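Understanding the architecture of this molecule
Here is how the chains run, residue by residue.
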Protein chains: 2
Amino acid sequence: MVSFTEENYLKIIYKLSAETDSEISTNAVAELTQTKAASVTDMLRKLSEKQLVSYQKYQGVRLTEKGEEVALKVIRKHRLWEVFLVNKLGFNWDEVHEIAEELEHINSEELVQRLDDFLDCPQFDPHGDPIPDKNGKMPEFGYKNLSGIAINQQVVMMGVAQHSTNFLQYLAKIGLNLGVNITVLEINDFDKSMTINNGGNSNCFISHEVAKNILVKNVK
Amino acid sequence: MVSFTEENYLKIIYKLSAETDSEISTNAVAELTQTKAASVTDMLRKLSEKQLVSYQKYQGVRLTEKGEEVALKVIRKHRLWEVFLVNKLGFNWDEVHEIAEELEHINSEELVQRLDDFLDCPQFDPHGDPIPDKNGKMPEFGYKNLSGIAINQQVVMMGVAQHSTNFLQYLAKIGLNLGVNITVLEINDFDKSMTINNGGNSNCFISHEVAKNILVKNVK
DNA sequence: ATATTTTTTTAGATTAGTCTAAAATTTATT
DNA sequence: AATAAATTTTAGACTAATCTAAAAAAATAT
Ligand SMILES: [Mn+2]
Ligand SMILES: [Mn+2]
Ligand SMILES: [Mn+2]
Ligand SMILES: [Mn+2]
């Protein structure tokens, strides 16, 4: 049995692992779980005993295969519920993350399968994130961060790497939604901020922090 | 803030209150929460401090108005989710209770409202139980227990007073579903068991225990 | 009206998850 | 290589929810 809390730790370690090849630090986990490092250490020991992570003290943590499986199941549920909330209940994409944080812990394989069918087996959630299939396979797709795109290269916005209501509402305000055509017009050397065109006839200025959280693909 | 566990206690006290006018006993709560009487006593003291129940030691417990409000919200969510699971995801009515026990604790007024709309504001759940509206009002309907119906009085099955998979599958096996026409053919004095006709051309024999858990209304 | 039985409460422990403060270890800097 | 700084772990404590065993109160039976 994996508890609600343990599931959250696993999900967060999974997310951090996607960004680095090396071990995940206690502090990194503490930041995302919104707990103190001391609490994380306790939990890592427990997860390690359950063989869900491999962990040696002071050496950081990694998911085991079993741990990754659990994490992917939680992520699958999170994203399927987000699709449900947006496509079926009419929520806006900036309102669903918090609710999905609760729904993702509902335990029923049958429920997930039926929900998946009901939603026509979506490949992506409302934020453009890929949804793992029932075997934990993530659909492949080579999205890049807008922050790494060169000047004058035309791209299409396909996703976001951050789900907070704040961030998503900011994007809406400056006219950035999934599917929008983006062209980088100018990059400021000193802080990597950008001026971009969002397909319409208005340009906008975004910080590097924002650009890093926008996922795009090239236009062929 | 009302915790998951506190919500369950309130829901159970609500259910017990529907069956009696008097105070609810510690043991009665312990039985339904599947805990020991000592644990119930602790919880009652806590709920009392939060003004969700009125409780004096050795005198049993009652919901306050505030406590009833919380209980009704949880019951509303439970029943709406059951409708969703059956009507939208195609679950059988005997498979949904346990899943709804988890879903009922998801916290979002907005979610409940949208779910209600999505389901076209149903008045009854798949077991025939009335769904409280957003103000906590239960739709009125004068269903009676089959156990109190006289011989030869024709009635229609409208609900069940028990949601366990076991019980519901047993009903299916003997041909009893919502909407079926029932006529009591014989009542055995010594144990109140009955022979009934279920509208088709087969009769069946049911115990008093079963009859008490079947809700019916008269045919005009 | 006592005695017995049943119910309920208290006392004391346990587990999961968290915290603060102090100690240990690792990493970075001189 | 020694020292300073940052990170991580340990020690000890707290809260929520639960338990068992014993004590207290209420209900029932004689
Ligand atoms: Mn999300
Ligand atoms: Mn998402
Ligand atoms: Mn139910
Ligand atoms: Mn029901």
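Our subject is the structure listed above.
Below, the structure is looked at part by part. Residue indices begin from 1 for each chain and proceed along its sequence in written order. To read the labels, note that chains go from A and ligands from 1, taken in the order they are written. In keeping with the model being predicted, local features are shown solely for residues with a pLDDT of at least 70 and side-chain atom pairs are shown and tallied solely at 80 or more, while totals for entire chains, interfaces and linings include all residues. Note that the side-chain values use all heavy atoms of the structure and ignore hydrogens as well as water.

1. Side note on the protein's contact with DNA strand D
The rule for a residue being near a molecule or strand is that one of its heavy atoms must lie within 4 Å of it. As a matter of local geometry, DNA strand D sits amid 21 residues, with A:Arg45, A:Tyr55, A:Lys57, B:Ser39 and B:Lys46 nearest to it. Backbone polar atom of B:Lys36 to a phosphate oxygen of DNA strand D: 2.9 Å apart, as the coordinates give it. Secondary structure counts use DSSP, requiring at least four H or I residues in a row for a helix and at least two E residues in a row for a strand, with both numbered from the N terminus. Secondary-structure elements contributing two or more residues to the surface near DNA strand D are helix H2 (26-33) and helix H3 (37-49) of chain A together with helix H1 (4-19) and helix H3 (37-49) of chain B. Looking at the surface near DNA strand D element by element, the count peaks at 5 residues for H3(B). Basically, the charged four are Asp, Glu, Lys and Arg, the nonpolar ten are Ala, Val, Leu, Ile, Met, Phe, Trp, Tyr, Cys and Pro, and anything else, Gly included, counts as polar. Here the residues of the surface near DNA strand D sort into 8 nonpolar, 8 polar and 5 charged. In protein, a polar contact means a hydrogen-donor-capable atom and an acceptor-capable atom, both N or O and within 3.5 Å, with residues adjacent in sequence counting only if both atoms are side-chain atoms; elsewhere, any N or O pair within 3.5 Å suffices.

2. Here's the deal with the sheet that holds strand S4 (residues 154-160) of chain B
All names here are of chain B. Taken in spatial order, the 6 strands of this open sheet run S3-S8-S4-S5-S6-S7, and their pairing is antiparallel. One side of each edge strand has no neighbouring strand; the edge strands of this open sheet are strand S3 (144-145) and strand S7 (203-206). Of the pairings in the sheet, the one linking S3 to strand S8 (residues 214-218) comprises 2 bridges and is antiparallel in character. Bridge assignment links Asn-145 to a residue of S8, and that residue is Leu-215. Whether two residues touch is decided by their heavy atoms; if any such pair falls within 4.5 Å, the residues are in contact. The axes used here are C-alpha line fits, helices contributing only the stretch in contact, and every angle between their N-to-C directions lies in the interval 0 to 180 degrees. Most of the contacts of helix H7 (residues 165-173) go to S4, to which it runs at about 150°, and overall it touches S4, S7 and S8. Think of it this way: DSSP has to see at least two bridges between two strands before they count as a pair.

3. Let's talk about the protein's contact with DNA strand C
Near DNA strand C lie 21 residues; those nearest to it are A:Ser39, A:Lys46, B:Arg45, B:Tyr55 and B:Lys57. For DNA strand C, the backbone makes up 80% of the atoms found within 4 Å of the protein, where backbone means sugar plus phosphate. Within the contact set of DNA strand C, a phosphate oxygen lies 2.3 Å away from a side-chain nitrogen or oxygen of B:Tyr55. Contributing elements (two or more residues each) for the surface near DNA strand C: helix H1 (4-19) and H3 of chain A together with helix H2 (26-33) and H3 of chain B. The leading source of residues in the surface near DNA strand C is H3(A), at 5 residues. Class assignment of the residues belonging to the surface near DNA strand C gives a composition of 8 nonpolar, 8 polar and 5 charged.

4. Observations regarding unusual backbone geometry
When glycine is set aside, most residues are seen to have a negative phi, and most peptide bonds are trans. Residues and elements named next belong to chain A. Unlike most non-glycine residues, Gln-34 shows phi in positive territory, near 60°. With respect to the helices and strands, the residue Gln-34 is situated in the loop between H2 and H3. Here Gln-34 falls in the exposed class, since its relative accessible area comes to 72%. Here Asp-120, not a glycine, exhibits a phi torsion of approximately 65°, which is positive. Under the scheme applied here, a residue whose accessible area is under 20% of the maximum for its type counts as buried, over 50% as exposed, and between as partly exposed, the area being computed with a 1.4 Å probe on protein chains only. Judged by relative accessible area, which is 65%, Asp-120 ranks as exposed.

5. A short note on H2(B)
Residues and elements named next belong to chain B. Listed in full, the buried residues belonging to H2 are Val-29, Ala-30 and Thr-33. What you see down the axis of H2 is that its buried residues fit within an arc of 100°, all on one side. In H2, the exposed residues that point more than 90 degrees away from the buried face are Asn-27 and Glu-31. Looking at the buried residues of H2, the elements they touch are H1 and H3. Of the residues one or two after H2, Gln-34 is the one with positive phi, at around 60°. Note that the arc is defined by the directions from the helix axis to the C-beta atoms.

6. Observations concerning the nonpolar core
Among buried residues, the Ala, Val, Leu, Ile, Met, Phe, Trp, Tyr and Cys ones that are joined through side-chain atoms within 4.5 Å form a nonpolar core. Residues A:Trp81, A:Phe84, A:Leu85, B:Trp81, B:Phe84 and B:Leu85 are the most contacted members of the largest nonpolar core, which totals 34 residues. Secondary-structure elements contributing two or more residues to this core are helix H4 (65-88), helix H5 (97-103) and helix H6 (109-118) of chain A together with helix H4 (65-88), helix H5 (97-103) and helix H6 (109-118) of chain B. For B:Phe84, the residues in contact, after removing those within four places along its chain, are A:Trp81, A:Phe84, A:Leu115, A:Phe118, B:Leu89, B:Leu115, B:Phe118 and B:Leu119.

7. A look at the coordination of the manganese ion (ligand 3)
Residue and element names in this part refer to chain B. Taken together, His-78 (NE2), Glu-82 (OE), His-97 (ND1) and His-163 (ND1) make up the protein donors of the manganese ion (ligand 3), found 2.0 to 2.4 Å from the metal. Think of the donor list as every N, O and S atom within 2.8 Å of the metal, or within 3.2 Å for Na, K and Ca; water never makes the list, so a site can look incomplete. Linear spacing of the donor residues for the manganese ion (ligand 3) on their chain is H-x3-E-x14-H-x65-H. Between the manganese ion (ligand 3) and the manganese ion (ligand 4), a separation of 3.4 Å is found, and both are coordinated by Glu-82. Within this pair, whereas His-78 is found in helix H4, its partner His-97 is found in helix H5, the two being separated by 19 residues in sequence. Across the pair, His-97 and His-78 agree in class, each one buried.

8. Quick word on the coordination of the manganese ion (ligand 4)
In the first shell of the manganese ion (ligand 4), the protein supplies B:Glu82 (OE), B:Asp125 (OD) and B:His127 (ND1), at 2.1 to 2.3 Å from the metal. Donor residues for the manganese ion (ligand 4) sit on one chain with the sequence pattern E-x42-D-x1-H.

9. A word on the relation of the copies chain B and chain A
One chain copy maps onto the other through a rotation about an axis and a shift parallel to that axis. When chain B is fitted to chain A, the residual RMSD is 0.1 Å, and the transformation amounts to a turn of 180° plus an axial shift of 0.0 Å. The transformation just described matches what one would write down for a two-fold rotation axis. No C-alpha of chain B approaches the rotation axis more nearly than that of B:Leu103, which lies at 3.8 Å. Most of the interface of chain B is mirrored in chain A, where 100% of its interface residues again form contacts. Our superposition of the copies is a least-squares fit, built on the C-alpha atoms of residues whose pLDDT is at least 70 in both.

10. Looking at the environment of B:Lys77
Residues and elements named next belong to chain B. When you line up the elements, Lys-77 lands in helix H4. Relative accessible area serves as the criterion here: at 8%, Lys-77 is assigned to the buried category. The spatial distance from the C-alpha of Lys-77 to the C-alpha of Glu-104 is 5.0 Å, given a sequence separation of 27 residues. In this structure Lys-77 touches Glu-7, Glu-104, His-105, Ile-106, Asn-107 and Val-112, once residues within four positions along its chain are discounted.

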